[in-house]
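Summary of structural features
Chain residues, written in single-letter form:
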Amino acid sequence: MVDIRHELNDFLFRFGGHIGYSVRPSERRKGYATLILKLALAKCKDIGINDCLVTCDEDNIGSAKVILNNGGIEDQSETDIDGIVKRRFWIKITNS
Ligand SMILES: CC(C)(COP(=O)(O)OP(=O)(O)OC[C@H]1O[C@@H](n2cnc3c(N)ncnc32)[C@H](O)[C@@H]1OP(=O)(O)O)[C@@H](O)C(=O)NCCC(=O)NCCS
């Protein structure tokens, strides 16, 4: 699954980002999340988002790789009220 948040509020800017995604456990590590994020970025471009924020928990190595695979540039992390550190990445969406 994937969801796209068309606008960022303060919470999304700090923790959630523009895009969330998840792959069912039996289908993980087959490249689906990397493809899902690529397709979601194209959709973001269609709706006028040119700089896309994508976040993941500090210990979510798979999600960080998905973001880096799609050109994520890391910004400052944020710590939420539960003490969970969210890594934050920007992806500039080009026409290619
Ligand atoms: C995170 C998640 C979306 C990754 O989905 P996926 O389809 O397995 O990701 P991909 O197959 O595209 O893997 C991308 C890379 O991460 C690596 N990877 C995936 N899961 C990993 C894990 N648990 N530990 C280490 N590396 C992992 C893959 O090997 C791949 O590496 P590569 O680019 O060097 O080949 C999936 O584990 C998931 O749904 N988790 C629960 C929900 C979640 O955390 N969503 C993201 C919220 S930010």
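The sections below set out a description of the structure shown in this document. (Residues numbered from 1 in each chain as written. Predicted model: local features only at pLDDT ≥ 70, side-chain atom pairs only at ≥ 80, totals over all residues. Heavy atoms only, no water.)

This part covers the nonpolar core. Within the largest apolar cluster, 18 residues are counted, with the highest numbers of intra-cluster contacts made by Ile19, Tyr21, Leu37, Leu41, Cys52, Val54 and Ile67. At the level of secondary structure, the elements contributing two or more residues to this core comprise β2 (19-21), α2 (32-46), β3 (51-57), α3 (61-69) and β6 (85-92). Here this core gets five residues from one element, more than from any other, and that element is α2. Each residue touching Ile67, except ones within four places of it in the same chain, is listed here: Tyr21, Leu37, Val54, Thr55, Cys56, Gly72, Phe89 and Ile91. (Core = buried A, V, L, I, M, F, W, Y, C linked by side-chain atoms within 4.5 Å. Buried < 20%, exposed > 50% of the residue type's maximum accessible area, 1.4 Å probe, protein only. Helix = DSSP H or I, 4+ residues; strand = E, 2+ residues; numbered from the N terminus. Contact = heavy atoms within 4.5 Å.)

On to α3. Every buried residue belonging to α3 is among Ser63, Ala64, Val66 and Ile67, and all of these are buried. Looking down the long axis of α3, one finds its buried residues gathered within 155° of arc, a one-sided arrangement. For α3, the exposed residues lying more than 90 degrees away from the buried face are Ile61, Lys65 and Asn69. On its buried face, α3 sits against β2, α2, β3 and β6. Immediately beyond the C-terminal end of α3, within one or two residues, lies Gly71, with a positive phi of roughly 90°. (Arc of directions from axis to C-beta.)

In a structure, side chains of opposite charge can pair up when their charged atoms sit close to one another. Under the defined criterion, the tally for this structure stands at seven salt bridges. For Arg87, the salt bridge goes to Glu74, with nearest N and O atoms at 2.8 Å. With Arg87 in strand β6 and Glu74 in strand β4 (residues 73-74), this residue pair connects regions lying 13 residues apart in the sequence. Residue classification places Arg87 among the partly exposed residues on the basis of a relative accessible area of 23%. On the basis of relative accessibility, which here comes to 40%, the residue Glu74 falls in the partly exposed class. (Salt bridge = Lys/Arg side-chain N within 4 Å of Asp/Glu carboxyl O.)

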